[in-house]
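Architecture and fold: a report
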Amino acid sequence: MIFIGIDCGTQSLKVLAWSPDKDECVSSSCSYDLIPGLPPGHKEQDPREWTEALGKCMRELKGKGVDLREARGIGVSGQQHGLVVLDGEDRVIRPSKLWNDTSTGPQCQAIMERAGGMDGYKAEIGNSLPPGFTASKILWMKENEPGLYERVTSIMLPHDYLNFYLTGEKSAEAGDASGTGYFKVEERVWSEKALGWIDPDRELSSCLSPIIASGEISGKLRKSLADQWGLPGGIPVSSGGGDNMMGAIGTGNVSPGIMTVSLGTSGTLYCFSEKPVIDPDGEVAAFCDSTGAWLPLVCTMNVTVATEMVRNNILRETHSGYADAVNSIPPGSEGLLMLPYLEGERVPPVSEGCGVFLGLRPASFTPAHMARAAMEGASLGLRYGFERFKSLGIETDEVRLTGGGAKSGAWRQILADLFGVSVVCPDNEEGPAFGAALQACWSAGQADIRELAAGSISLDENTRHFPIDGNRETYESLYQLYSQFSDTLVNSPVFQSHRKFINR
């Protein structure tokens, strides 16, 4: 007996086959790219990339000796906030605008104005509306592609679309729906008011799929795909969820007291909560989770995207060489600070920001210093989110790391020093894909989701790092400098002038 977990990310799609009887996982992955040549701030991907990658991964699993005939369920994790639109014949009619697309700032402002401002919007939804959320993408399409917009009959998120591809059934789930900007997180229903603020001239609710509970199935696997991949016909596909919600399940973050931090293209921090957590400043997202509870979350947009740019364009090294470079420079990078707001940032809210190095001197003007400063700069943004959680009464004494960046021992130590708590990785590195497999097992009626998480997730103690006192003091000073510099940059007339210059 095995359960299949699918994780559709920004850079690749992963498929994991988990055997609860043998406690074994086998995984495969297939990379893809963003559509090139788009204007700054526009981030798009063709959903066909995801379905083609899924087929390749299934074939690769078979090549690794996985007997897919033993599959008893499938779960899907998807990158949040992306807009997938279908026409009346259920065809995708344009590429998906993704979570990191920051081109819709004007549309966010227009929606806010129709809502009567932030207070009115949050009173209805429970969240603020950053440009990455789905709502402003719909209005952007209406204003910029009216011909295509008139053809839209179905509006989906990436994981919703993959569920539809697998089953032929249309559904949505509260965790992922929480990041759309038109879903009421406390009541777990679509918001007619918010949909009216997006488009007062159209009944957008007719384009949305019904919400199903996290423990339900979205449908059964299509016979054509079962035959093609060698899976049993009619096996259930669970409700699925957003990658953060599945990452929470996959790291055992399904009860109070644990914090998960994901180090991927973006960085996210999230915790389990038995009730909604509403941030008056709107920086902590009040999301539902994918177990029937809630998942307060902070998302920073520039994490491995920043370190990879430095690694590829400045250091020109392997990941191992990058780690050596970081370890060769002391904490604090000898005064070199990087703000990694390469194409804007969500938290802190710098939607039209840019990257900045502060403190360049002859001694620190080296690729190794820049490598460490990039890793520290991305981590300082995560510390900002950590502090926002503390301000809302959410604290933890253990952070569980997931994502590609979590493989770096140097990065784990930086985060332990910045957070002041121990950090550790689960044994299974594929948090969202594993979470999707666990949810599939739960939806198939095998066990309760919390029992599954408790019994199936172990920690790799070799990856545990504790704060180091001397480093803590250095990073406390660096964080204060980061906070002041970030505020100064955002509010500076010089920055405003520079923004106009680069946007000409």
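To be clear, the structure that these remarks concern was listed above.
So, here is what we can say about the structure in this document.

Conventions adopted
- Residues numbered from 1 in each chain as written.
- Predicted model: local features only at pLDDT ≥ 70, side-chain atom pairs only at ≥ 80, totals over all residues.
- Heavy atoms only, no water.
- Helix = DSSP H or I, 4+ residues; strand = E, 2+ residues; numbered from the N terminus.
- Rg over C-alpha atoms; globule rule 2.2 N^0.38 Å.
- Contact = heavy atoms within 4.5 Å.
- Expected span 1.5 Å × (residues − 1).
- Buried < 20%, exposed > 50% of the residue type's maximum accessible area, 1.4 Å probe, protein only.
- Pairing = 2+ DSSP bridges.
- Axes fitted to C-alpha atoms, helices over the stretch in contact; angles between N-to-C directions.
- Parallel < 35°, antiparallel > 145°, perpendicular 65-115°, else oblique.
- Left-handed = near helix turned anticlockwise from the far one by under 90°.
- Nonpolar A, V, L, I, M, F, W, Y, C, P; charged D, E, K, R; others polar.
- 1 Å grid on protein atoms, 1.4 Å probe; cavity = no way out; pocket = protein on both sides within 12 Å on 5 of 7 lines; lining within 4 Å.
- Points joined across faces, edges and corners; volume = space filled by probe spheres on them.
- Phe/Tyr/Trp six-rings, centres within 6.5 Å; stacked < 30°, edge-to-face > 60°.
- Lys NZ or Arg CZ within 6 Å of the ring centre and 35° of its normal.
- Salt bridge = Lys/Arg side-chain N within 4 Å of Asp/Glu carboxyl O.

A tally of regular secondary structure across the protein gives 18 helices and 24 strands. Since a compact globule built from 504 residues should have a radius of gyration of about 23 Å, the 22 Å found for the protein is in line with a globular shape. A principal-axis box enclosing the C-alpha atoms of the protein has dimensions of 65 × 55 × 40 Å. Of the contacts formed within the protein by residues at least 6 apart in sequence, a portion of 72% connects residues at least 24 apart.

What follows covers helix α1 (residues 47-63). Each α-helix turn comprises 3.6 residues. Residues three or four places apart therefore point the same way. An ideal rise of 1.5 Å per residue puts 24 Å on 17 residues; α1 measures up with 25 Å between its terminal C-alpha atoms. Here α1 has its buried residues at P47, W50, T51, A53, L54, G55, C57, M58 and L61. Trailing α1 by a residue or two, G65 shows a phi angle of about 90°, which is positive.

This part covers the sheet that holds strand β19 (residues 294-300). With mixed pairing, seven strands are arranged side by side in an open sheet as β18-β19-β17-β16-β22-β23-β24. A strand with exactly one partner marks an edge of an open sheet, and here the two such strands are β18 (285-288) and β24 (459-465). Taken pair by pair, the neighbouring strands of this sheet meet at an average axis angle of 30°, ignoring direction. Pairing geometry for strand β16 (residues 259-263) and strand β17 (residues 267-271), over five bridges, is antiparallel. Following the sheet pairing, M259 is matched in β17 by C271.

Moving on, we get to the packing of α1 against helix α6 (residues 158-167). Contact geometry for α1 and α6: axes closest at 11 Å, N-to-C directions at 55°. Comparing their axes, α6 and α1 come out oblique. Of the two possible hands of crossing, α1 and α6 adopt the one that is right-handed. Here α1 contributes P47, W50, T51 and L54 to the contact with α6, which in turn contributes P158, Y161, L162, Y165 and L166. Among the residues forming the contact of α1 with α6, the class breakdown is eight nonpolar, one polar and no charged.

Right, let's talk about empty space enclosed by the protein for a bit. To locate leftover empty space, one rolls a probe as large as a water molecule over the atoms. Enumeration over the complete set of coordinates arrives at three cavities of 30 Å³ or more. Volume-wise, the largest cavity comes out at about 60 Å³. Contributing to the lining of the largest cavity are I155, M156, L157, D160, S171, A172, T180, Y182, W190, L208 and S209. Looking at side-chain class alone, the lining of the largest cavity contains seven nonpolar, three polar and one charged residues. The space that makes up the second largest cavity amounts to roughly 40 Å³. Ranked by the residues each element gives to the lining of the second largest cavity, the list is headed by helix α13 (residues 367-391), at three residues. Here the lining of the second largest cavity is composed, by residue class, of six nonpolar, four polar and one charged.

All right, on to the packing of α13 against helix α14 (residues 409-419) then. In the contact formed by α13 and α14, the axes pass within 10 Å of each other and the chain directions differ by 40°. Relative to α14, the element α13 lies oblique. In this structure, the crossing between α13 and α14 has a hand that is right-handed. Across from R372, M375, E376, A378, S379, L380, L382, R383 and F386 in α13, the residues of α14 making contact are A410, W411, I414, L415, L418 and F419.

On to the packing of aromatic side chains. Given two aromatic rings, their pairing is described by the distance between the two centres and the angle made by the two planes. Enumeration according to the criterion identifies eight aromatic pairs in this entry. An aromatic cluster is defined as three or more aromatic residues linked by ring pairs; in this entry it consists of F3, W18 and F434. Over the ring of W140 we find K97, and its NZ or CZ is 3.9 Å from the ring centre. Stacked on the ring of W294, the Lys or Arg R188 has its end atom at 4.6 Å from the ring centre.

Over its 13 residues, helix α15 (residues 431-443) runs 18 Å from end to end, which matches the ideal 18 Å to within 8%, given 1.5 Å per residue. Taken across its 13 residues, α15 has 13 buried, putting it largely inside the fold. A positive phi of about 85° marks G445, the residue just after α15.

With that out of the way, let us pick up the pairing of strand β5 (residues 71-78). With seven of its eight residues buried, β5 lies for the most part within the structure. Where strand β1 (residues 2-8) and β5 come together, six bridges link them in parallel fashion. The residue bridging D7 from the neighbouring strand is S77, located in β5. The pairing of β5 with strand β15 (residues 241-242) spans two bridges and is parallel. Across the sheet, the residue bridging to S77 is G241, located in β15.

Let us now look at the pairing of strand β3 (residues 24-31). Where strand β2 (residues 12-19) and β3 come together, eight bridges link them in antiparallel fashion. Within β3, the position partnered with L13 by the bridge is C30. Hairpin geometry of β2 and β3 is characterised by an intervening segment of four residues between the two adjacent antiparallel strands and by a positive phi of about 55° at D23.

What follows concerns the pattern of salt bridges. Side-chain pairs of opposite charge can arise whenever the charged atoms involved come near each other. Scanning all chains against the criterion turns up 29 salt bridges. Linking R48 and D46 is a salt bridge whose minimum nitrogen-to-oxygen distance equals 2.8 Å. Residues joined by salt bridges that share partners form a network here, namely E44, R94, K97, D101 and E145.

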